[in-house]
Amino acid sequence: MDIKALVRESIWNLQGYSSARHEYDGVADIFLDANENPYQSEINRYPDPFQLKLKDRLSEIKHIVPDRIFIGNGSDEAIDLIIRIFCEPDKDNIIIFPPTYGMYKVSADINNVKTIKSSLTADYQINTSDALSKINAHTKVAFICSPNNPTGNIMKRSDVLHFIKNFNGITVIDEAYIDFSDGPGYSDWIDQNPGLIILQTLSKAWGAAGIRLGIAMSNEVVIGLLNKVKPPYNVNSLSQQRALEVLSDEADFNARVNQIKRERERVAESLLSMELVRKVHPSEANFLLVEMDRAAQLFRYLREKGVVIRDRTRTHLCNDCLRITIGLPQENDRLLEEIGIFDNQESANKP
Ligand SMILES: *Cc1c(COP(=O)(O)O)cnc(C)c1O
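Rules of the game
Residues numbered from 1 in each chain as written. Predicted model: local features only at pLDDT ≥ 70, side-chain atom pairs only at ≥ 80, totals over all residues. Heavy atoms only, no water. Pairing = 2+ DSSP bridges. Helix = DSSP H or I, 4+ residues; strand = E, 2+ residues; numbered from the N terminus. Axes fitted to C-alpha atoms, helices over the stretch in contact; angles between N-to-C directions. Contact = heavy atoms within 4.5 Å. Near = heavy atom within 4 Å. Polar contact = N/O pair within 3.5 Å; in protein donor to acceptor, adjacent residues only side chain to side chain. Areas by Shrake-Rupley, 256 points an atom, 1.4 Å probe, with all protein chains shown as cover. Buried < 20%, exposed > 50% of the residue type's maximum accessible area, 1.4 Å probe, protein only. Lys, Arg positive; Asp, Glu negative; His and termini not counted. Salt bridge = Lys/Arg side-chain N within 4 Å of Asp/Glu carboxyl O. Phe/Tyr/Trp six-rings, centres within 6.5 Å; stacked < 30°, edge-to-face > 60°. Lys NZ or Arg CZ within 6 Å of the ring centre and 35° of its normal.

The next subject is the sheet that holds strand β7 (residues 214-217). A sheet is described by the order of its strands in space; here seven strands give the open sequence β1-β7-β6-β5-β4-β2-β3, paired in mixed fashion. Only two strands of the sheet have a single neighbouring strand rather than two, namely β1 (69-72) and β3 (114-117). Pairwise comparison of adjacent strand axes, ignoring direction, gives a mean angle of 25° for this sheet. Contacts from helix α5 (residues 75-86) reach β1, β2 (93-96), β4 (139-145), β5 (170-174), β6 (196-201) and β7, with the element oriented near 160° to β6.

Of all residues adjacent to the ligand, which total 13 residues, the nearest are Asp174, Tyr177, Thr201, Ser203 and Lys204. The separation between an oxygen atom of the ligand and a polar main-chain atom of Ser75 is 2.7 Å. A distance of 2.6 Å separates an oxygen atom of the ligand from a polar side-chain atom of Thr201. Contact with the protein chains covers 93% of the free accessible surface of the ligand, which is 390 Å².

This brings us to the environment of Ser218. Tracing the backbone through its elements, the reader meets Ser218 in the loop between β7 and α9 (220-229). Taking relative accessible area as the criterion, Ser218 reaches 0% and is therefore assigned buried. Not counting the four nearest positions on each side in its chain, Ser218 is found in contact with Arg68, Ile190, Leu196, Ile197 and Ile223.

Checked against the element boundaries, Arg323 lands in strand β11 (residues 321-325). Buried charge without a partner: Arg323 forms no salt bridge, and the closest opposite charge is Asp311, 11 Å away. In terms of polar contacts, Arg323 uses its side chain to reach the side chain of Asn149, at 2.9 Å. When sequence neighbours within four positions are dropped, the list of residues in contact with Arg323 reads Asn149, Pro150, Phe287, Leu288, Leu289, Ile309, Arg310 and Arg312.

Now for the pattern of salt bridges. Applying the stated rule across the entire model yields 21 salt bridges. Of the charged contacts in the structure, one is a salt bridge between Arg278 and Glu291, with a shortest N-O distance of 3.2 Å. Here Arg278 is found in strand β8 (residues 277-280), whereas its partner Glu291 is found in strand β9 (residues 287-292), with 13 residues between them in sequence. For Glu291, a relative accessible area of 21% puts it in the partly exposed group. Salt bridges sharing common partners tie together Arg278, Glu291, Asp293 and Asp320.

With the rule as written, the count across this model stands at nine aromatic pairs. Each ring, one from Tyr104 and one from Phe143, has its centre 4.6 Å from the other, and the planes form 10°; the classification is stacked. Note that Tyr104 is positioned in helix α6 (residues 103-110) and Phe143 in strand β4, a separation of 39 residues in sequence. For Phe143, a relative accessible area of 1% translates into the label buried. Here Phe163 and Phe167 contribute two aromatic rings whose centre-to-centre distance is 5.1 Å and whose plane-to-plane angle is 35°, an arrangement assigned as tilted. Neither Phe163 nor Phe167 differs from the other in exposure class; each is buried. Taken together through their ring pairs, the aromatic side chains of Phe97, Phe163 and Phe167 make up a single cluster. Lying over the aromatic face of Tyr186, Arg157 brings its terminal NZ or CZ to 4.8 Å of the ring centre. Positioned above the aromatic ring of Phe287, the side-chain terminus of Arg323 is 5.6 Å from the ring centre.

This next bit is on the pairing of β11. Among the five residues of β11, four are classified as buried, and the element is accordingly described as predominantly covered. Both β9 and β11 contribute to a ladder of five bridges, which runs antiparallel. Considered in β11, the bridge of Leu289 is made with Arg323. In terms of strand pairing, strand β10 (residues 310-311) meets β11 through two bridges, oriented antiparallel. Residue pairing across strands places Arg310 opposite Arg323, the latter belonging to β11.

Following this line, the structure appears as structure tokens:
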């Protein structure tokens with residue numbers, strides 16, 4: 001695949017901003033190069049624009065060389081940058097697979113880039129023949145979310161592979177929830193597929209949504225483009241520091257992920273025993289998509305009780321569905337208790 005042919009010409013030719021910290025990478029005691037103020041402590045210096053310490057650590061965890069990692073202000077920043085690098089406004093388009101994460105289309109809209117939609121099948125898988133028939137010469141980027149938000153399932157590998165092999169564009173696989181999945185994900189495909197970008201994040205399984213730390217993994221050419229287009233200091237120093245702390249304890253991380261997965265199964269089973277629940281969709285993420293009677297009413301009832309979940313009843317292919325994030329065991333207990341009360345009231349009211 002010819003990456004250069006897919007990139008907007010102005011971006012390929014762009015001379016990126018060269019920051020003071022970028023130009024000097026040796027060892028020194030006195031920094032008088034960046035117009036910083038010498039009197040504050042700890043935060044008076046600009047952050048490392050390429051987050052090298054953090055990439056070294058991520059490299060160990062993800063088993064990929066640092067030059068194949070991009071770090072963004074959340075993966076939402078990477079989504080926007082990818083659209084801006086590859087899609088000429090008012091000319092190119094992206095393809096998405098609804099129901100899916102909302103930011104792909106929002107970012108495309110902001111950039112005046114059209115969005116082609118190829119609906120998932122009834123069991124939430126990619127319809128590859130539909131997708132391949134809808135793309136055209138201006139389709140530059142495909143966003144595949146696996147495990148998918150809001151449905152929770154992973155996409156079949158044979159479908160993803162078939163799509164990638166037949167799509168002359170950039171395929172982004174958003175793996176925000178991959179650590180909750182039993183599947184291996186797609187990061188080991190980067191070598192063989194030059195148009196592939198994998199997105200991950202510290203916001204979900206790592207429990208650090210507040211520091212805004214997103215990860216893109218791809219080949220060196222694509223990572224170089226992301227680095228060139230990003231704001232020079234896109235990840236602040238407090239976030240970089242905190243991310244290193246968060247990533248230092250893998251044992252703790254694994255324990256918490258396993259706990260959430262166990263709770264996910266417990267909550268799913270409990271929900272299934274309730275009369276109003278019609279279906280709990282199988283999930284490889286930290287949430288459940290639940291189809292039930294009187295979903296919109298239950299959503300409002302729970303909100304009045306101080307329990308907020310996500311109403312997906314108006315989402316494509318998610319009729320009568322609510323999306324429930326797995327919380328602490330005691331939070332999940334409260335949720336189940338309130339749904340139980342609502343369920344009993346409902347059955348009592350039945351003629
Ligand atoms: C939550 C979520 C993200 C957001 O990631 P940030 O790193 O917090 O920006 C990305 N993709 C999907 C599918 C998500 O659900």
